[in-house]
Amino acid sequence: MTVIDNDLGDDLVLSEATGRDYFALLKPRVMSLVVFTAFAGLFLAPGSINPVMGAIAILCIAIGAGAAGALNMWYDADIDAVMSRTANRPIPAGRIGREEALAFGIALACFSVATLGLAVNWFAAGFLAFTIFYYAVFYTMWLKRATPQNIVIGGAAGAFPPMVGWAAVTGSVSLDSIILFSITFLWTPPHFWALALFKMRDYEDVGIPMMPNVAGEKSTKNQMVVYAVLTAVAGVAPALTGLASPFYAVFAAALGGYFVYQSLKVRAMAEGDSKMLPAKKMFTFSIFYLAAIFAGLIVDRAAMLVFG
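As a starting point, this report considers the structure included with it. Fair warning: this is a prediction, and the values are worked out from it, not measured in the lab.

**Quick look at the state of the cysteines**
Here's step 1: With the rule as written, the count across this model stands at 0 disulfides.
Here's step 2: For cysteine 60, which is in no disulfide, the shortest distance to another cysteine sulfur is to cysteine 110 and amounts to 13 Å.

**Considering the packing of helix 2 (residues 28-44) against helix 15 (residues 277-307)**
Here's step 1: Interhelical geometry of helix 2 versus helix 15 gives an angle of 25° and a closest axis separation of 10 Å. By the angle class used here, helix 2 and helix 15 are roughly parallel. The element helix 2 and its partner helix 15 pack so that their crossing is left-handed. On helix 15, the residues touching Leu33, Phe36, Thr37, Phe39, Ala40, Phe43 and Leu44 of helix 2 are Ile287, Leu290, Ala291, Phe294, Ala295, Leu297, Ile298, Arg301, Ala302 and Leu305.
Here's step 2: Class assignment of the residues belonging to the contact of helix 2 with helix 15 gives a composition of 15 nonpolar, 1 polar and 1 charged.

**So, the pattern of salt bridges**
Here's step 1: For the structure on display, the rule yields 6 salt bridges.
Here's step 2: Residue arginine 95 is joined to aspartate 21 by a salt bridge in which the shortest nitrogen-to-oxygen separation is 2.7 Å. Taken as a pair, arginine 95 in the loop between helix 4 (77-80) and helix 5 (98-119) and aspartate 21 in helix 1 (residues 19-25) lie far apart in primary sequence, 74 residues in all.
Here's step 3: For aspartate 21, a relative accessible area of 7% gives the class buried.
Here's step 4: Between arginine 145 and aspartate 76 there is a salt bridge, with the nearest N and O atoms lying 2.9 Å from each other. Here the residue arginine 145 occupies a position in helix 6 (residues 122-146), and aspartate 76 occupies one in the loop between helix 3 (51-75) and helix 4, the gap between them amounting to 69 residues.
Here's step 5: For aspartate 76, a relative accessible area of 0% translates into the label buried.
Here's step 6: When salt bridges with common partners are traced through the structure, they connect Asp76, Asp78, Lys144 and Arg145 into a single cluster.

**A short note on the nonpolar core**
Side chains of nonpolar character tend, in soluble globular proteins, to be buried together.
Here's step 1: One finds Leu116, Trp193, Ile293, Phe294 and Leu297 to be the most contacted residues of the largest nonpolar core, which totals 90 residues.
Here's step 2: By residue number, the principal contributor to this core is helix 15, which donates 11 residues.
Here's step 3: If sequence neighbours within four positions are ignored, leucine 116 has contacts with Ala57, Cys60, Asn121, Ala124, Ala125, Leu128 and Val164.
Here's step 4: Within the second largest apolar cluster, 8 residues are counted, among which are Leu25, Ala77, Ile91 and Ile96.

**Comments concerning the environment of asparagine 88**
Here's step 1: Relative to the helices and strands, asparagine 88 is located in the loop between helix 4 and helix 5.
Here's step 2: For asparagine 88, a relative accessible area of 58% puts it in the exposed group.
Here's step 3: Sequence separation of asparagine 88 and alanine 239 is 151 residues, and the distance between their C-alpha atoms is 43 Å.
Here's step 4: Excluding anything up to four places from it in sequence, asparagine 88 contacts Ala93 and Arg95.

**Quick look at the packing of helix 6 against helix 9 (residues 161-170)**
Here's step 1: Contact geometry for helix 6 and helix 9: axes closest at 8 Å, N-to-C directions at 165°. Here helix 6 lies roughly antiparallel to helix 9, going by the angle between them. Between helix 6 and helix 9 the crossing geometry is left-handed. Mapping the contact onto sequence places Phe123, Ala124, Phe127, Leu128 and Thr131 in helix 6 and Met163, Val164, Ala167 and Ala168 in helix 9.
Here's step 2: Across the contact of helix 6 with helix 9, the residue classes break down as 8 nonpolar, 1 polar and no charged.

**Notes on helix 6**
Here's step 1: Along helix 6, the helix axis deviates most sharply at tyrosine 139, where the bend reaches about 50°.
Here's step 2: Listed as buried for helix 6 are Ala124, Ala125, Phe127, Leu128, Thr131, Ile132, Tyr134, Ala136, Tyr139, Thr140, Leu143 and Lys144.
Here's step 3: N-capping of helix 6 is provided by asparagine 121, with a side-chain oxygen placed 3.1 Å from the backbone N of phenylalanine 123.

**Focus: the side chain of asparagine 72**
Here's step 1: Along the chain, asparagine 72 falls in helix 3.
Here's step 2: For asparagine 72, a relative accessible area of 1% corresponds to the buried category.

**Remarks on unusual backbone geometry**
Most peptide bonds take the trans form, and the phi angle of most residues other than glycine is negative.
Here's step 1: Positive phi values are uncommon outside glycine, yet lysine 27 reaches one of about 55°.
Here's step 2: With respect to the element layout, lysine 27 can be found in the loop between helix 1 and helix 2.
Here's step 3: A relative accessible area of 14% places lysine 27 in the buried class.
Here's step 4: Located in the positive-phi region is methionine 276, a residue other than glycine, with phi close to 50°.
Here's step 5: If you trace the backbone, methionine 276 turns up in the loop between helix 14 (246-267) and helix 15.

What counts and what doesn't
Residues numbered from 1 in each chain as written. Predicted model: local features only at pLDDT ≥ 70, side-chain atom pairs only at ≥ 80, totals over all residues. Heavy atoms only, no water. Disulfide = S-S within 2.5 Å. Axes fitted to C-alpha atoms, helices over the stretch in contact; angles between N-to-C directions. Helix = DSSP H or I, 4+ residues; strand = E, 2+ residues; numbered from the N terminus. Parallel < 35°, antiparallel > 145°, perpendicular 65-115°, else oblique. Left-handed = near helix turned anticlockwise from the far one by under 90°. Contact = heavy atoms within 4.5 Å. Nonpolar A, V, L, I, M, F, W, Y, C, P; charged D, E, K, R; others polar. Salt bridge = Lys/Arg side-chain N within 4 Å of Asp/Glu carboxyl O. Buried < 20%, exposed > 50% of the residue type's maximum accessible area, 1.4 Å probe, protein only. Core = buried A, V, L, I, M, F, W, Y, C linked by side-chain atoms within 4.5 Å. Bend = angle between axes of the 7 residues up to and from the residue. Polar contact = N/O pair within 3.5 Å; in protein donor to acceptor, adjacent residues only side chain to side chain.

Pasting the structure below:
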């Protein structure tokens, strides 16, 4: 942001933000997983949806996810400026003002919800509105700074998109859509705590009560193993309800087994390990795991449609 004086003695604020900066406000890496899992929910849902309406639904979910990301960055600008991982984000770097980010996020949220409701159905739109509220208000403004269970409870926000995609087709929720939710919900703690382990100093500096800082490394690692096992079980569950085939079950079991193995490697990591390579490897693999699980579900369903 650049401040200049005009002839009337007033300050004029000129934004130095580029399109790339506004795109960064949307948290595009997080958004990509959100969009992919939402598409999986829409694709797997029983019934049919007009392809154009389906594309609009996915676009609205993507915009809604971006809105939540922008609102998160608006509220967290103070701690983002301190943490090495986030210091170069558009707001703490001074390229976008907090007020701009707030207005941008609110505008995107309203547009995405209204468009989804008018074009597809209002149940899905209400679900999307609740998801944005859950992440931006319930998680960002309260849970994140209040409890070490922030990621566990707050993880629901990132797990709702496949249910929103499902609701876009069916106008409802079901056991299968809840199973899709549970995969991401249970995956979030081991995924994010792996990051929190090798970024403990950052969270300590800003006073965020992440599990490793509050409960210690040993407790966090033990909990990661438990959640990894639960995630692996949830990953296989679609085959148990008939949503996916036995071929998918074998694929998901193999991925889940390796996810658990990664968590055990983290558990065996020495206390105070400065490099924390197992935690970094698990964090990277966890992203691949979630994408692969939902890709497996999509491919499995496509194969079932083609080959009967």
